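# Examining the three-dimensional arrangement
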Amino acid sequence: MKVLEERIREEGLILSDTVLKVDSFLNHQVDTQLALQIGEEFGRIFGHLPVTKVLTVEASGIQFAMATGIALGVPFIYAKKKKAVTQSEGVYSAPVHSFTRQEDYRISISQKYLGPGDKVLIIDDFLATGAALVGLADIVNESGAELLGVGCVIEKSFQAGRSLLEDRGIAVHALARIASMSPGEVHFIGNPETAEMIKESVEC
């Protein structure tokens, strides 16, 4: 998705060879038109599949799961990181380790909204270590639903997330795949010989 790669080049801030900050347009302040374009692209990619629910985890995957749900004409569900006092019914849950926050937590989804007969598409903002997506996949399996695939906005392909998912037989599609990065430059898969320079003057 070229428009996404361009925004990463223009506004992304690479803090290290593993940390990319895109909070000016994706996961803190959100460019709503770009989010809708992302949903439409996932709709194009996965539209041939019989998806009944789109699934993500709070919070930064919500806008993209919603946009994808709109594109596919199906509901979306987000896994909660803390069980609300109003959530008295049974839940499916799984442990997750956050790479960016360096903390462990449990994600949960009400059993009312996911179950056998559902065909699920998981959508998230980043694929890196794959921990959150593996947790979501475990919840889908626990519910008896069928996982049809995973879509991620940005993939750090030099980390192990894709392998963890593909080893489980899960189809993965990312809109922008980063082969490597360091402060000031990023290499996207598809352009292996070209280092795209990040504009360092942008404040994120």
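Residues numbered from 1 in each chain as written. Predicted model: local features only at pLDDT ≥ 70, side-chain atom pairs only at ≥ 80, totals over all residues. Heavy atoms only, no water.

Convention followed: UniProt positions are given in the numbering used here, feature names are shortened, and annotations may be inferred rather than shown by experiment.
The name an unreviewed UniProt entry gives the chain is Xanthine phosphoribosyltransferase, with Paenibacillus jilunlii as the organism. According to the UniProt record, the Function (unreviewed entry) comment for the chain reads "Converts the preformed base xanthine, a product of nucleic acid breakdown, to xanthosine 5'-monophosphate (XMP), so it can be reused for RNA or DNA synthesis." Looking at the Catalytic activity (unreviewed entry) heading of the UniProt record, one finds this comment for the chain: "XMP + diphosphate = xanthine + 5-phospho-alpha-D-ribose 1-diphosphate".

## Digging into the UniProt feature "binding site: xanthine" (unreviewed entry) in the chain
Heads up, the rule is: Segments assigned H or I by DSSP are reported as helices when at least four residues long, segments assigned E as strands when at least two residues long, and all are numbered from the N terminus. By definition in these notes, contact holds between two residues if any of their heavy atoms fall within 4.5 Å.
In this structure's numbering, the residues bearing the UniProt feature "binding site: xanthine" (unreviewed entry) are Leu 20, Asn 27 and Lys 156. Along the chain, Leu 20 falls in strand β2 (residues 20-21). Excluding residues that lie within four positions of it along the chain, Leu 20 makes contacts with Ile 8, Gly 12, Leu 13, Ile 14, Phe 126, Ile 154, Lys 156, Ile 178 and Met 181. Summarising the element assignment, Lys 156 is placed in strand β8 (residues 146-156).

## Quick notes on helix α4 (residues 131-143)
To keep things clear, this is the line we draw: A helix's residues, less one, multiplied by 1.5 Å, set its expected span. Relative accessibility thresholds used throughout: buried, under 20% of the residue-type maximum; exposed, over 50%; partly exposed, between the two (1.4 Å probe, protein chains only).
In a regular helix each residue adds 1.5 Å, so 13 residues correspond to 18 Å; α4 covers 19 Å between its end C-alpha atoms and thus fits that length. Of all the positions in α4, only Ala 132, Leu 133, Val 134, Gly 135, Leu 136, Ala 137, Ile 139, Val 140 and Ser 143 are classed as buried. Looking one or two residues beyond α4, the residue adopting positive phi is Gly 144, at roughly 85°.

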